[in-house]
Amino acid sequence: MCAQLSDVPDALPARNSHENGGATGFGKALKNLAEAITERKVEPVCAAYLALRHVAGKIPPNEIPGQVDRFITAKSGSAQELIISAFSHRHCLMCSNGMESCRTCDGSGIVEDYECPTCDGLGVEICSFCAGTGWCDYNDIPDEIRLAAVHRRIKHVKKELARLDRISEADIPALLEQLKPQQRHKLASSLLRLQARLTDLASIKTDNKDEYAARFSAWAERIKRFTEALRAKQPQAEENQK
């Protein structure tokens, strides 16, 4: 994906011309944002957009996305959509995608041949900073694109749920029997993170809050049963079978 920056007129916009470098500062920030969009990396895009807001002066924040689309042309979706996508993916800086290896068992799930009492044998702990979502806080997303980022996060979660829906609950015990320790660790992280994201999204006020809350509640219950089945499979039993 690459982005092109059209000419930024000297008069852009007149109400901004006397602050933060005026049109020159705004134009430079737009150029940096276009380059970040071309790289298609989350943190550079988010940082460049926040820098653009900083030099926008008196431009109302809700007009900034429109200015971005006016001057930056991206070959894959609009520049505004790509910025929203970046913020919807922006991760918590305090953990690794919402999860951390359990400090009690060092991620093994086992303490002295028994299931770890801290992580229930899953080998992972939930990040206390992001509550396990792996996402940045909503307050770190600019107001003018926050709701759009929420809807984009809902879309991400629905894709994850679609994959989970392909697994019949009757098949779960047999599936878990086939897991190796590393696969168990990965699955536990995915389930706990997905459950955390459902809880998070259900608490956010959206136009369809009641609908989402009901659907997320049902999905969260199914994930809970899957996770409980995973916990019920004793790690030491796996070791003894080797």
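Further up the page is the structure itself.
Residues numbered from 1 in each chain as written. Predicted model: local features only at pLDDT ≥ 70, side-chain atom pairs only at ≥ 80, totals over all residues. Heavy atoms only, no water.

Attention now moves to the overall build of the protein. A count of helical and extended segments in the protein gives nine helices and six strands. Expressed as a percentage of its 242 residues, the buried residues of the protein come to 44%. Taking the intrachain contacts of the protein between residues at least 6 apart in sequence as the baseline, contacts between residues at least 24 apart amount to 74%. Counting every atom, the protein has about 13100 Å² of accessible surface; 49% of that belongs to carbon and sulfur. (Helix = DSSP H or I, 4+ residues; strand = E, 2+ residues; numbered from the N terminus. Buried < 20%, exposed > 50% of the residue type's maximum accessible area, 1.4 Å probe, protein only. Contact = heavy atoms within 4.5 Å. Areas by Shrake-Rupley, 256 points an atom, 1.4 Å probe, with all protein chains shown as cover.)

There is a patch of like positive charges on the surface, built from Lys155, Lys159, Arg163 and Arg166. Take Arg163: its relative accessible area is 48%, and that puts it in the partly exposed class. (Patch = residues over 30% accessible without salt bridge, like charges linked within 9 Å, V, L, I, M, F, W, Y side chains within 5 Å. Salt bridge = Lys/Arg side-chain N within 4 Å of Asp/Glu carboxyl O. Lys, Arg positive; Asp, Glu negative; His and termini not counted. Charge placed at Lys NZ, Arg CZ, Asp CG, Glu CD.)

This part covers unusual backbone geometry. One non-glycine residue, Asp106, lies in positive phi territory at about 60°. One non-glycine residue with positive phi stands out, namely Glu112, at about 50°. Its place among the elements puts Glu112 in the loop between strand S4 (110-111) and strand S5 (114-115).

Take the pattern of salt bridges next. In this structure the tally under the stated criterion is five salt bridges. Between Glu43 and Arg90 there is a salt bridge, and its shortest N-O distance comes to 3.3 Å. Here Arg90 lies in the loop between helix H4 (79-89) and strand S3 (99-101) and Glu43 lies in helix H2 (residues 42-54), a separation of 47 residues in the sequence. Relative accessible area serves as the criterion here: at 26%, Glu43 is assigned to the partly exposed category.

Aromatic ring pairs are defined here through the distance separating the ring centres and the angle between the ring planes. Overall, the coordinates contain one aromatic pair when judged by the stated rule. Cation over ring: Arg153 sits above Tyr138, and NZ or CZ is 4.8 Å from the ring centre. (Phe/Tyr/Trp six-rings, centres within 6.5 Å; stacked < 30°, edge-to-face > 60°. Lys NZ or Arg CZ within 6 Å of the ring centre and 35° of its normal.)

What follows deals with the environment of Ile154. For Ile154, the position within the fold is in helix H5 (residues 143-165). The class of Ile154 is buried, set by a relative accessible area of 3%. Ile154 sits 62 residues away from Phe216 along the chain, and the two C-alpha atoms are 9.9 Å apart.

It is characteristic of soluble globular proteins that their nonpolar side chains tend to be buried jointly. Within the largest apolar cluster, 57 residues are counted, with the highest numbers of intra-cluster contacts made by Leu33, Ile37, Tyr49, Leu52, Val68 and Ile83. Once you skip the residues sitting within four places of it in the chain, Leu52 turns out to touch Phe26, Ala29, Leu30, Leu33, Ile64 and Val68. (Core = buried A, V, L, I, M, F, W, Y, C linked by side-chain atoms within 4.5 Å.)

Turning next to helix H3 (residues 64-71). Residues separated by three or four positions in an α-helix point in the same direction, a consequence of the helix having 3.6 residues per turn. Where H3 is concerned, the buried positions are Ile64, Pro65, Gln67, Val68 and Phe71. Viewed end-on, H3 has its buried residues packed into an arc of 160°, placing them on one side of the element. (Arc of directions from axis to C-beta.)

Okay, the environment of Arg231 next. Considering the arrangement of structural elements, one finds Arg231 in helix H8 (residues 209-232). You can call Arg231 partly exposed: its relative accessible area is 27%. Arg231 sits 110 residues away from Gly121 along the chain, and the two C-alpha atoms are 6.3 Å apart. Contact partners of Arg231, with chain neighbours within four places excluded, come to Glu115, Cys119, Asp120, Leu122 and Leu192.

Evaluation of the coordinates by the stated rule reveals zero disulfides. Left without a disulfide partner, Cys92 is nearest to the cysteine sulfur of Cys95, which lies 3.7 Å away. By relative accessible area, which is 3% here, Cys92 ends up buried. Unpaired in terms of disulfides, Cys127 finds its nearest cysteine sulfur in Cys95, a separation of 3.7 Å. (Disulfide = S-S within 2.5 Å.)

This is a description of form; function is not addressed.
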